Amino acid sequence: MSVQSEMRRLTAPDIHARKGGEPIVMLTSYHAHTAALADKYCDVILVGDSLGMVMHGMETTVPVTLDMMIVQGRAVMRGSKRALVVVDMPFGSYEASREQAFMSAVRVLKETGCGAIKLEGGKRMAETIRFLVERGVPVMAHVGLTPQAINVLGSFRAQGRDEADWGRIEEDTLAVSEAGAFSVVIEAVAEPLARKLTGAVPIPTIGIGASVACDGQVLVMEDMLGLSPRVPKFVKRFGDLGPGIEKAIADYAAEVRARSFPGPEHVYPMKGKKP
Ligand code: KIV
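Please read all numbers here as calculations on a predicted model, not as lab measurements.

Engineer: Is there a simple way to think about the sheet that holds strand β4 (residues 116-120) in this case?
Structural biologist: Strands belonging to one sheet form pairs held by backbone hydrogen bonds; the direction of such a pair is parallel or antiparallel. Strand order in the closed barrel made by the eight strands is β1-β2-β3-β4-β5-β6-β7-β8, with parallel pairing throughout. With direction set aside, neighbouring strand axes in the sheet form an average angle of 25°. Pairing geometry for strand β6 (residues 183-187) and strand β7 (residues 205-208), over four bridges, is parallel. Residue pairing in the sheet places Ile-186 in a bridge with Gly-207 of β7.

So, in structure tokens, the structure goes:
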């Protein structure tokens, strides 16, 4: 009998069950090759709509389309085997009605094969979240700073630093939890509020710029690798790949200009002759 066991992909219920347990490791990825690396260490890979800013140089996530998310979601599914892959619903693909949200989510699930979707918004999205979950769509919610609302907010500033704002963010977090979200991203909120929210809901909270008081953490991969030109203050750079990539490109350009690349070892030899 074979002792090989099939690698099982984590599911939304697996992540939900991690509430209060081992911290959940989540990272963004938009490509098959970085997804394969993240898959070895992460529980959740998020195909975030941050791809608009990170991959495409957009100023905000607002212009990102559902088709862009689906193409990158497919790539990440191809590259990964174990992590739960969550694909972001981009601005304009879910806010108009519960039905619009369902049809967009169905496209994402069917066309990428991912295990869940993420959408931004608290209380205002609760009814939609319930509608989706009742119809078989696992939903990760996203409260606190919601970057898709940049045109209303005016800037990407931290939320809940003033205790007067806590009530609204608490209501949002409770609403998405009661509506059936399996977990919630909490972005850019002060530590005491993150602690309070984590204690208040039975679903895992995943923080980004929201302190260690959450059940897990998420970062944008390019930000933590030192590949993004501008990063929020809360990002820790775990790598500094920018200079290494630039050096490799500069070395290549210099060798091409000096006609020293490709050398004989990088050219196909004639049949039967050694290089
Ligand atoms: O789009 C994204 O990458 C995100 C994370 C910042 C949580 O939503």
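So that's the structure; there's more coming.
Engineer: I tried to follow helix α5 (residues 98-112) on my own but got confused; where do I start?
Structural biologist: Because each turn of an α-helix spans 3.6 residues, side chains separated by three or four positions end up pointing in the same direction. Between its terminal C-alpha atoms α5 stretches 21 Å, which fits the 21 Å expected from 15 residues at 1.5 Å a residue. Regarding α5, the residues found buried are Ala-101, Ser-104, Ala-105, Val-106, Val-108 and Thr-112. Along its buried surface, α5 packs onto α4 (66-79), β3 (84-88), β4 and α6 (126-134). Just beyond α5, the residue with positive phi is Gly-113, at close to 80°.

Engineer: It is not clear to me how a nonpolar patch on the surface should be interpreted in this structure. Could you clarify?
Structural biologist: A contiguous nonpolar surface patch, about 330 Å² in accessible area, is contributed by Leu-227, Leu-241, Ile-245 and Ile-249. Its location among the elements puts Leu-241 in helix α11 (residues 241-257). Looking at Leu-241, the relative accessible area reads 40%, which means it is partly exposed.

Engineer: I'm lost on the site of the ligand in this one. Help?
Structural biologist: Around the ligand, the neighbouring residues are Thr-28, Leu-46, Gly-48, Asp-49, Ser-50, Asp-88, Lys-118, His-142, Ile-208 and Val-220. One of the side-chain nitrogen or oxygen atoms of Asp-88 is found 3.1 Å away from an oxygen atom of the ligand. One nitrogen or oxygen atom from the side chain of Lys-118 is found 2.9 Å from an oxygen atom belonging to the ligand. The residue inventory of the shell around the ligand, partitioned by class, reads three nonpolar, four polar and three charged.

Engineer: Is there a simple way to think about the nonpolar core in this case?
Structural biologist: Here is a general trend for soluble globular proteins: nonpolar side chains tend to be buried in one another's company. Counting residues in hydrophobic clusters, the biggest one holds 56 residues, and the most contacted among them are Val-85, Val-108, Ile-117, Leu-119, Ile-129 and Leu-132. Filtering out sequence-adjacent residues up to four positions away, Ile-117 remains in contact with Val-86, Val-87, Met-89, Ala-105, Val-108, Leu-109, Leu-132, Val-137, Pro-138, Val-139 and Met-140. In terms of nonpolar packing, the next biggest core, distinct from the first, is built from 16 residues, Leu-10, Ile-15, Met-140 and Val-218 among them.

The rules behind each value
- Residues numbered from 1 in each chain as written.
- Predicted model: local features only at pLDDT ≥ 70, side-chain atom pairs only at ≥ 80, totals over all residues.
- Heavy atoms only, no water.
- Pairing = 2+ DSSP bridges.
- Helix = DSSP H or I, 4+ residues; strand = E, 2+ residues; numbered from the N terminus.
- Axes fitted to C-alpha atoms, helices over the stretch in contact; angles between N-to-C directions.
- Expected span 1.5 Å × (residues − 1).
- Buried < 20%, exposed > 50% of the residue type's maximum accessible area, 1.4 Å probe, protein only.
- Contact = heavy atoms within 4.5 Å.
- Patch = residues over 30% accessible without salt bridge, like charges linked within 9 Å, V, L, I, M, F, W, Y side chains within 5 Å.
- Areas by Shrake-Rupley, 256 points an atom, 1.4 Å probe, with all protein chains shown as cover.
- Salt bridge = Lys/Arg side-chain N within 4 Å of Asp/Glu carboxyl O.
- Near = heavy atom within 4 Å.
- Polar contact = N/O pair within 3.5 Å; in protein donor to acceptor, adjacent residues only side chain to side chain.
- Nonpolar A, V, L, I, M, F, W, Y, C, P; charged D, E, K, R; others polar.
- Core = buried A, V, L, I, M, F, W, Y, C linked by side-chain atoms within 4.5 Å.

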